[in-house]
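As a plain string of letters, each chain reads:
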Amino acid sequence: MARLLAHGGHPGDGLDRVDMAPIGHILTRMGALDQGKLDAALTQQNTTGRRLGEVLLAQSAVGERELTAAIAEQWNLGVVDLVSDPPDTDLINPADLEAYIAHRVLPWRRLGAMTTYVIVEPQQAGDALAALGGSGPFAFFALATPGDLQNALSQVAGPQMAARAASRTPAQMSVRSLARVRVAAAVALLAVTAGIIWGGPLAVAGGLLCLFVLNAATTVLRLAALLAGRHHRPEPIHHDGAIEFAQKRGPPKISIMVPLYREAGMVPRLLASIERLDYPRELTEVLLLLEEGDEATHRALDAITLPGWIRCVTVPEGSPRTKPRALNYALDFADGEIIGILDAEDQPAPDQLTQIAEYLRAAPTETACVQCQLSYFNARENWITRCFQIEYSIWFEVLLRGFQTLRLPIPLGGTSVYFRRSALRALGAWDAHNVTEDADLGMRLSRAGMNCAVSTSVTLEEANCRPISWIRQRSRWLKGYILTWLSHMRAPIQLWHELGARGFFAFNILFLGAAATYLAMPLFWLAVFCWLTTGQTIWSSSIPGWAIWPAAISLGVGQLVMLGCAALAMVRRGTPLSLIWVPTLPIYWTLGAVAAWKAVIELFLAPFYWDKTAHGLSRQAADQ
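Residues numbered from 1 in each chain as written. Predicted model: local features only at pLDDT ≥ 70, side-chain atom pairs only at ≥ 80, totals over all residues. Heavy atoms only, no water.

Caption draft 1: Local environment of the overall build of the protein chain. Secondary structure assignment for the protein chain yields 22 helices and 13 strands. Per-residue burial for the protein chain yields a buried fraction of 55% across its 624 residues. Counting contacts in the protein chain only where the partners sit at least 6 residues apart, residues at least 24 apart contribute 78% of the total. Total accessible area on the protein chain stands at roughly 26,000 Å², and carbon and sulfur atoms take up 61% of it. (Helix = DSSP H or I, 4+ residues; strand = E, 2+ residues; numbered from the N terminus. Buried < 20%, exposed > 50% of the residue type's maximum accessible area, 1.4 Å probe, protein only. Contact = heavy atoms within 4.5 Å. Areas by Shrake-Rupley, 256 points an atom, 1.4 Å probe, with all protein chains shown as cover.)

Right, here's the structure in full:
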């Protein structure tokens with residue numbers, strides 16, 4: 001390996017510290033830190049065991065540039081301002097991108113056979129040079145702040161990193177390789193639907209039989225979940241916060257990634273919600289993901305002085321412009337052992353991170369993630385939000401309990417879900433082209449032999465309170481469910497082996513059943529209308545009763561089971577007064593039919609289009 005030389009001329013196989021004084025003393029000597037703040041940081045360091053520099057940054061006792069200058073003095077290195085003096089782009093080798101990211105290093109200048117690199121961690125110099133394959137007989141190193149190096153890396157390798165984020169999931173597990181299958185499935189779905197509505201007796205009977213089987217299977221699955229989970233409830237994690245961490249070794253650092261796109265108005269409330277988290281600041285890292293070109297959100301954050309534990313990551317232009325692509329991009333800049341996702345309007349419980357850290361520290365390694373429960377702070381705003389809240393209650397209070405007991409694969413939610421970083425990297429992170437990347441990732445976790453736990457910790461969100469906005473959001477969800485079903489079912493035998501029989505059938509019922517049930521709602525209401533007005537169904541003259549009545553009974557029982565789940569969920573949530581809204585759910589689900597047919601159309605026209613949910617529409621949002 002080439003010898004490493006610091007700017008002070010200290011040769012060797014690695015960089016050695018020249019000034020052995022502690023970093024706190026150097027900062028105090030520089031006048032960047034007073035003794036009171038140093039003493040407070042040292043006390044906190046004894047609690048969490050993190051490096052003093054991390055504690056000082058988290059407490060905003062010093063800034064990045066001051067800390068970098070002190071580390072440079074300790075190691076006798078120079079400091080490069082990458083804003084005013086950026087790297088020489090001719091030295092950037094696209095083949096070394098992984099090394100640049102992993103070791104936070106970039107080639108900066110070359111003079112003859114000598115190359116100078118900028119790096120964030122002097123301890124990483126030897127590993128960085130080895131990963132880059134050496135650099136002639138000599139290599140010089142200088143320091144840069146983490147923020148400057150992050151921005152410089154984005155500037156010199158933005159297109160490559162954007163492409164990497166878009167294709168991080170292997171093609172055979174991504175919907176981006178589904179073009180022909182997607183179109184064929186959509187055409188088949190439209191053909192079957194047209195045959196049911198306008199076809200002859202045989203086509204109608206076949207369609208009704210398929211509907212009967214699928215609806216019956218969905219009903220059985222929901223009933224099984226209801227019965228299996230009747231005695232199961234996730235136990236709250238008892239903890240004493242950071243005090244308990246002092247008695248253990250190595251408390252985990254948690255990185256929270258918050259994708260923001262056109263969310264300027266949400267910034268103050270988002271930061272207030274994050275500030276309420278009680279996890280130690282030096283163990284918390286918040287990455288605010290901003291899309292390049294979103295000037296309004298950039299301006300909103302530029303006007304605020306962020307604490308040292310919260311920073312922005314700008315996601316370069318690229319396709320598709322989706323939340324999972326932004327998450328994939330930012331994952332390379334996250335330092336935490338645990339990676340959490342929050343949305344712009346989220347209000348997590350203050351002790352949520354402590355609960356998650358304690359749980360994953362004690363859980364077996366195959367427990368790859370923890371899903372927190374979701375609820376709405378504006379649930380009582382109008383009829384739509386009340387029904388939306390009932391839906392969430394059904395999912396978290398009834399169905400998820402049962403799925404856990406039955407050990408079935410769980411479609412994850414897109415927020416307040418926390419992963420082991422190692423699991424994300426092993427799976428190829430999120431599918432950037434899937435508009436329900438959360439549900440897809442839950443299935444890929446299950447296929448890899450991992451599982452997800454459900455926490456009692458609750459995050460409050462803003463429920464869509466307007467019909468058009470609700471339909472757009474639900475349409476994206478249903479489109480993603482169809483794409484996820486097509487993606488995993490391209491190799492059904494392999495899926496059977498990986499999920500097992502129960503998991504295989506549960507997957508098909510959950511994903512195909514959700515879309516098919518909504519798509520069939522117009523047919524259901526048409527049949528009900530004809531029966532109420534004429535006493536007969538629209539096919540009574542051509543289809544015998546033995547073909548009609550089983551499907552009708554299946555639809556009716558399915559509605560009753562779902563209403564029963566809703567009633568039980570309201571009781572478990574401690575909101576029995578909401579029971580008065582349960583009978584209106586079939587009308588509410590009719591909105592889902594509009595969303596489902598919009599989703600089918602988009603399968604043809606815009607399969608990867610992310611129909612963004614608008615936040616801040618609620619009248620109650622301003623009071624939070």
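From this point, the narrative continues.
Caption draft 2: Summary view of a nonpolar patch on the surface. Together, Ile601, Phe604 and Leu605 line one region of the surface with nonpolar side chains, adding up to about 320 Å² of accessible area. Taking the relative accessible area as the measure of exposure, Phe604 reaches 35% and is therefore partly exposed. (Patch = residues over 30% accessible without salt bridge, like charges linked within 9 Å, V, L, I, M, F, W, Y side chains within 5 Å. Salt bridge = Lys/Arg side-chain N within 4 Å of Asp/Glu carboxyl O.)

Caption draft 3: A look at the confidence of the model for the protein chain. The share of residues in the protein chain with pLDDT of 70 or more is 84%, and the mean pLDDT across the chain is 85. Considering only residues more than four positions removed or in separate chains, one finds that residues 1–13, a stretch of pLDDT under 50, has 44 contacts. Low pLDDT (under 50) marks residues 235–248, which in the prediction has 24 contacts with non-local residues, meaning those over four places away or in another chain. (pLDDT = per-residue confidence, 0-100.)

Caption draft 4: Quick look at the side chain of Thr613. Considering the arrangement of structural elements, one finds Thr613 in the segment after helix H22 (585–605). A relative accessible area of 10% places Thr613 in the buried class. Here the side chain of Thr613 touches Arg476 through a polar contact of 3.3 Å, side chain to side chain. Excluding residues within four positions of it along the chain, Thr613 makes contact with Asn464, Gln473 and Arg476. (Polar contact = N/O pair within 3.5 Å; in protein donor to acceptor, adjacent residues only side chain to side chain.)

Caption draft 5: Just the sheet that holds strand E7 (residues 284–291), in detail. Taking strand neighbours across the sheet as the criterion, the 8 strands line up as E8-E7-E6-E9-E12-E11-E13-E10 in an open arrangement whose pairing is mixed. Two strands bound the open sheet, and with one partner strand each, they are strand E8 (310–315) and strand E10 (347–348). Across 6 bridges, the pairing between E7 and E8 is parallel. In the strand pairing of E8, Leu288 is matched with Cys312. Against the sheet, helix H15 (residues 383–406) makes contact with strand E11 (367–376) and strand E13 (451–461), and its axis sits at roughly 150° relative to E11, the strand it touches most. (Pairing = 2+ DSSP bridges. Axes fitted to C-alpha atoms, helices over the stretch in contact; angles between N-to-C directions.)

Caption draft 6: Summary view of the pattern of salt bridges. Summed over all chains, the structure comprises 26 salt bridges. Taking the shortest distance from any N to any O, the salt bridge between Arg444 and Asp440 comes out at 3.0 Å. Of this pair, Arg444 and Asp440 both sit in helix H17 (residues 437–447), separated by 4 residues, roughly a single helical turn. Here the two residues Arg444 and Asp440 agree in accessibility, since each one is buried.

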